[in-house]
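Chain by chain, the residues:
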Amino acid sequence: AFAAVKTDGSVVTWGYRYDGGMQEAEIDGNQVSVAHLLTSGVATIASTQTAFAAVKTDGSVVTWGGSPSDSRSVAHLLTSGV
């Protein structure tokens, strides 16, 4: 999958759904949309082969993609100051 940050801070993704192409995170085996968190305020994106992380201008991080995208265990560390 691929992802691009637009000049307005939103994210466009495309490609294989389970590797992040549909802006979904895999949580407990279910695909959960994070698209509403990617409509504005994204500064940059980092990626692996199957997952993405968007660093937002407010210092938070949004993750999505394959199995490694479940960031619940560190969610409290990703809400600000990143």
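Scroll up to find the structure this text is about.
Residues numbered from 1 in each chain as written. Predicted model: local features only at pLDDT ≥ 70, side-chain atom pairs only at ≥ 80, totals over all residues. Heavy atoms only, no water.

Colleague: It is not clear to me how the pairing of strand S4 (residues 30–33) should be interpreted in this structure. Could you clarify?
Modeller: A regular strand places its side chains so that they alternate between the two faces of the sheet. Bridge analysis of strand S3 (residues 24–27) against S4 gives four bridges, and the strand direction is antiparallel. Pairing of Ala25 across the sheet is with Val32, part of S4. Linkage of S3 to S4, two consecutive antiparallel strands, is achieved through a turn of two residues, within which Asp28 is found at a positive phi near 50°. (Pairing = 2+ DSSP bridges. Helix = DSSP H or I, 4+ residues; strand = E, 2+ residues; numbered from the N terminus.)

Colleague: Whenever I open this one, the environment of Ala1 confuses me. Can you help?
Modeller: Tracing the backbone shows Ala1 in the segment before strand S1 (2–5). Not counting the four nearest positions on each side in its chain, Ala1 is found in contact with Trp14, Gly15, Tyr16, Asp19, Gly20, Gly21 and Phe52. (Contact = heavy atoms within 4.5 Å.)

Colleague: Just to check I follow, could you spell out the side chain of Asp19 for this structure?
Modeller: Mapped onto the secondary structure, Asp19 falls in the loop between strand S2 (11–14) and S3. The side chain of Asp19 is buried and forms no salt bridge, while Arg17, the nearest opposite charge, is found at 11 Å. The residues touching Asp19, leaving out its near neighbours within four places in the chain, are Ala1, Gln49, Thr50, Ala51, Phe52, Gly65 and Gly66. (Buried < 20%, exposed > 50% of the residue type's maximum accessible area, 1.4 Å probe, protein only. Lys, Arg positive; Asp, Glu negative; His and termini not counted. Salt bridge = Lys/Arg side-chain N within 4 Å of Asp/Glu carboxyl O.)

Colleague: Can you walk me through the packing of aromatic side chains in this structure?
Modeller: One pair of aromatic rings is described through two measures. These are the centre distance and the angle between the planes. Following the criterion strictly, the structure yields three aromatic pairs and no others. Here the aromatic rings of Phe52 and Trp64 are separated by 5.2 Å at their centres, their planes lie at 15°, and the arrangement is stacked. Here Phe52 is found in strand S6 (residues 51–56), whereas its partner Trp64 is found in strand S7 (residues 61–65), with 12 residues between them in sequence. For the pair formed by Phe52 and Trp64, the shared burial category is buried. (Phe/Tyr/Trp six-rings, centres within 6.5 Å; stacked < 30°, edge-to-face > 60°.)

Colleague: Can you help me understand the nonpolar core in this one?
Modeller: In a soluble, globular protein the nonpolar side chains are often hidden away together inside. Formed by Val11, Ala25, Val34, Leu38, Val42, Phe52, Ala54, Val62 and Trp64, the largest nonpolar core amounts to nine residues. Only S6 and S7 provide two or more residues apiece to this core. Setting aside residues up to four positions removed in sequence, Val11 forms contacts with Ala3, Ala4, Gln23, Leu38, Val42, Ile45 and Trp64. (Core = buried A, V, L, I, M, F, W, Y, C linked by side-chain atoms within 4.5 Å.)

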